[in-house]
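# Inside the fold
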Amino acid sequence: MGLSLLITSSLQAQSTGGTLTGVLQDSTGAPIPAGTVVVSHQLTNFHESTHTSSTGAFALRNLPLQTYTVAVDHPGFARFERRVAIRSAVPVEISIRLGVAESRQSVTVVDDESASLVVDPAQTGTRAQINSTDIHRLSRSTSSRGLESVIVTFPGFAQNANGAIHPRGAHNQMTYVIDGMPVTDQLTGAFANAVDPNIVRTVELFTGNIPAEYGSKVSAVANVTTRSGLGSGRRLAGSTALSAARFDLLSQVTQFSGEAPGGRLGYSATVNTMKSNRYLDAVSLDNLHNGGNSERAFLRLDWRASARDVLRLSGLTGRSSFELANLRSQHAAGMDQRQLLRDASGSLDWVRTLTPSSVLEAIATYRTADSRLRPSSGDTPVTASQERHLSTGTAGLRWSAVQGIHNLRAGFDVQRFPVSEAFTFAATDPALGADNANLRPFQFAGRATGALDSGYLQDQLRLGSRWQLSLGLRFDSYRFLARGTQWQPRVGIAYHLHETSTVFSASYNRLYQTPPNENLLLSSSTEAASLAPSAVQEALAGRPVVIRPERQDFLEAGLQQAVARHASITVTYYHKRGKDQQDNNNFLNTGIIFPITLEASRINSVEARFTVPRTSRGWGATVSLTRSRAVSTPPFTGGLYIGNEAVDALSAGPFLIDHDQPLAAHAIVTYNHRGGFYATGSARYDSGLVANPSDPDEVAADPDHSDLLPYVNLTGTPARVRPRTIIDASFGYERVDASSQRRRWDASIQISNLTNRTALYNFQSVFVGTRVVQPLTAGARLRLYF
């Protein structure tokens with residue numbers, strides 16, 4: 001199966017996917033049992049199938065919102081095809097009659113029969129989609145643990161260390177919505193447990209014209225639909241995968257799913273464990289003191305309580321324990337800092353079909369996460385300890401309806417988030433104390449509870465055969481250390497030029513991005529402000545430290561173009577202008593980060609993507625390009641600045657922030673042979689993120705960093721890490737039983753950084769520190785199906 005990714009524009013999002021139901025009959029109206037029903041989407045490479053029951057009935061649930069080709073086959077009858085648009089959570093019902101084998105029917109029932117399947121005229125902002133099969137075969141770094149390693153292959157994302165990705169000029173203001181449960185934690189390897197890609201069925205990624213139902217962190221939104229056992233037709237099915245790679249990496253993933261007799265209860269579960277001696281990206285070429293392990297588990301239960309009611313219970317939990325990577329001087333001193341991350345989440349969702357054209361959904365979610373940093377006797381230049389706890393409870397109600405040309409959705413959410421923090425540190429290096437006259441043993445402890453109440457209304461209208469209009473309005477009321485309210489209009493329009501299979505789109509969004517909750521109490525404290533560099537203290541002028549939500553105006557214009565009806569190209573331009581820009585500063589190289597704001601930001605970018613879906617010979621390809629400029633304006637507010645002398649220089653005026661990068665390119669080529677062989681190649685070019693403006697002579701004299709000088713340009717304006725191209729490849733074979741068409745086993749080889757390129761993600765950055773790209777790493781995986 002080729003890797004085919006859709007980059008188009010935004011539909012109305014749904015926390016639950018769409019549903020297609022129907023009845024299969026012969027020409028006399030008699031039901032046809034055991035018929036095969038397949039829904040597919042060419043550009044996203046999505047493929048889902050089921051069989052009709054003894055009454056001829058079938059149902060396909062949790063479908064991503066798209067226009068699908070529905071194909072029906074049964075021995076002795078003609079093949080039947082129909083094009084069906086699924087645009088909301090409101091179920092779509094179709095009735096199909098098959099003719100005898102001598103006749104053939106092929107019917108397309110969409111409003112615009114000339115619509116190409118490689119462009120989508122209904123979408124008005126940037127959207128992407130990928131499914132589990134393509135994720136499984138994607139060529140990624142062998143150390144990649146989270147879904148971010150998949151998302152970074154799309155335009156608009158700058159890659160950084162430990163799985164951190166910067167969506168469209170933001171530091172990390174991104175929301176993952178997992179079966180309707182919003183997760184706004186900063187999910188990076190050093191800060192929180194990332195989303196396990198093994199639980200994913202499909203991911204819808206929104207980066208432009210963000211639907212009004214999403215708020216809080218919306219520079220990007222990943223709407224994740226997990227695997228469900230409902231409708232699988234089997235009581236038990238699953239797989240176990242074992243992997244091994246360089247740096248003593250060992251991992252296993254076990255998945256199983258099924259449905260109970262009667263077909264009303266389905267279940268799905270995943271357990272994932274991993275250990276590695278290169279758990280985080282190293283802070284030096286030596287990879288010192290960098291071991292770790294993680295365990296994650298997921299469970300989903302679906303119960304069809306009645307013909308009109310479906311309940312879903314989901315739970316996921318994660319734990320990771322790892323060493324903090326050492327510099328050479330720290331390793332020589334015996335530094336042995338360790339960190340523990342834990343989280344647990346649960347959601348209960350009820351969907352009721354009110355009428356054939358409307359649906360009501362109620363959802364309650366709860367998530368808790370904590371982090372613990374343990375010091376050691378050999379800590380240098382500081383010793384530190386931390387205990388941080390964050391819980392988030394959300395309850396919401398959503399209503400969806402299709403009425404004529406309107407596709408409506410409205411709802412509200414009530415969210416509460418108690419936070420507690422305890423942090424201590426003290427200088428152990430006399431030189432650090434001499435350079436920071438106000439540095440003293442530091443202790444902080446605090447707790448508070450915040451609130452975010454939201455409501456929204458959105459509509460998507462089809463105006464004739466060419467125009468599509470999306471209208472959305474959101475209101476947020478935020479009450480924590482700062483308070484604020486914001487009305488957020490989100491509007492978009494698209495025009496479809498049938499004659500050339502071209503779609504033009506434009507949108508405007510007002511965004512209200514709330515501050516990160518992790519370490520927010522400390523960052524906003526007078527205790528932390530007393531340690532701030534002089535430029536930060538002068539800007540505060542004795543005022544209380546307040547980290548406010550960021551307000552953004554976001555404009556986007558886009559073009560979709562079909563190429564020879566079998567490929568597509570998408571080009572997008574966007575401009576963002578923000579007030580109180582959200583970011584983080586890094587506490588030395590610990591991976592502990594503290595929220596900060598800057599007075600303003602200005603971001604401009606051009607993105608492009610060329611996509612060739614899988615051909616009849618098994619080939620597919622995508623090429624993504626991003627050219628961007630991100631300018632930030634001081635002063636700084638919040639944070640904890642130790643050893644960040646560059647803050648004074650950056651406070652002088654507008655500067656290019658660390659995730660500014662002139663050019664990023666990502667190319668993926670896939671091959672899938674009908675005999676079961678498959679291969680994927682990936683090449684990523686990054687022109688280089690902004691680095692700390694360090695003195696080259698001082699770096700050359702520093703034994704911890706002198707050997708990294710060839711990989712950073714400190715004399716440039718601004719200083720940047722040097723460009724890099726990283727090539728990954730994977731090869732595999734999947735064995736399928738010829739009679740049952742069930743998979744039996746899958747074996748693959750993964751090679752990361754094929755050319756063994758030595759490179760940096762960043763260097764001595766105020767915001768992320770120093771991190772080294774993983775060297776050449778080879779691994780193998782064996783998956784057994786049952």
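Residues numbered from 1 in each chain as written. Predicted model: local features only at pLDDT ≥ 70, side-chain atom pairs only at ≥ 80, totals over all residues. Heavy atoms only, no water.

### Let's talk about the overall build of the chain
- Across its full length, the chain carries 9 helices and 43 strands.
- The burial tally for the chain puts 60% of its 786 residues in the buried class.
- Of the roughly 28,500 Å² of accessible surface on the chain, 58% is carried by carbon and sulfur atoms. (Helix = DSSP H or I, 4+ residues; strand = E, 2+ residues; numbered from the N terminus. Buried < 20%, exposed > 50% of the residue type's maximum accessible area, 1.4 Å probe, protein only. Areas by Shrake-Rupley, 256 points an atom, 1.4 Å probe, with all protein chains shown as cover.)

### Digging into the pairing of strand S40 (residues 743-752)
- The pairing of strand S39 (residues 724-736) with S40 spans 8 bridges and is antiparallel. Looking at the pairing, Gly 732 lines up with Ser 748 of S40. (Pairing = 2+ DSSP bridges.)

### A closer look at the side chain of Arg 409
- Its location among the elements puts Arg 409 in strand S25 (residues 406-427).
- A polar side-chain atom of Arg 409 sits 3.0 Å from a polar atom in the side chain of Glu 213. (Polar contact = N/O pair within 3.5 Å; in protein donor to acceptor, adjacent residues only side chain to side chain.)

### Remarks on the pattern of salt bridges
- The final tally for this structure, using the stated rule, is 36 salt bridges.
- The shortest N-O distance in the salt bridge between Arg 312 and Asp 349 comes to 3.0 Å. Here Asp 349 lies in strand S22 (residues 338-355) and Arg 312 lies in strand S21 (residues 309-323), a separation of 37 residues in the sequence.
- When its relative accessible area of 5% is taken as the criterion, Arg 312 is described as buried. (Salt bridge = Lys/Arg side-chain N within 4 Å of Asp/Glu carboxyl O.)

### What about the packing of aromatic side chains?
- What the rule picks out here adds up to 16 aromatic pairs.
- Consider the rings of Phe 417 and Phe 480, whose centres lie 5.2 Å apart with planes at 80°: the pair is edge-to-face. Here Phe 417, found in strand S25, pairs with Phe 480, found in the loop between strand S27 (467-479) and strand S28 (483-497); they are 63 residues apart in sequence, far enough to count as distant.
- Between Trp 619 and Tyr 671 the ring centres are 4.7 Å apart and the planes differ by 45°, which places this aromatic pair in the tilted class. Within this pair, whereas Trp 619 is found in strand S33 (residues 619-638), its partner Tyr 671 is found in strand S35 (residues 664-672), the two being separated by 52 residues in sequence.
- According to the relative accessible area criterion, Trp 619 is partly exposed, its value standing at 46%. (Phe/Tyr/Trp six-rings, centres within 6.5 Å; stacked < 30°, edge-to-face > 60°.)

### Notes on unusual backbone geometry
- In the segment running from Thr 380 into Pro 381, the intervening peptide bond is cis, with an omega of 5°.
- Here the bond from Pro 634 into Pro 635 is cis, since omega is 20°, no more than 30 degrees from zero.
- Turning to its location among the elements, Pro 635 is positioned in strand S33.
- Of note, the phi angle at Ser 216 is positive, near 80°, even though the residue is not glycine.
- Relative to the assigned elements, Ser 216 resides in the loop between strand S15 (200-206) and strand S16 (220-226).
- Of note in this structure, Ser 501 is not a glycine but carries a positive phi near 55°.
- By secondary structure assignment, the location of Ser 501 is in the loop between S28 and strand S29 (502-513).

### Considerations on the nonpolar core
- In this structure, Phe 423, Phe 425, Leu 522, Phe 587 and Leu 640 are the most contacted members of the largest nonpolar core, which totals 31 residues.
- When residues of this core are traced back to their parent elements, those giving at least two are strand S24 (382-403), S25, strand S26 (442-463) and helix H5 (520-523).
- With 4 residues, the single largest contributor to this core is S25.
- Contacts of Phe 423, omitting those with residues within four sequence positions, involve Ala 384, Ser 385, Gln 386, Phe 442, Gln 443, Phe 444, Leu 522, Phe 587, Ile 592, Phe 594 and Leu 640.
- Among the nonpolar cores identified, the runner-up in size contains 29 residues, and Ile 130, Ile 151, Val 195 and Ile 668 belong to it. (Core = buried A, V, L, I, M, F, W, Y, C linked by side-chain atoms within 4.5 Å. Contact = heavy atoms within 4.5 Å.)

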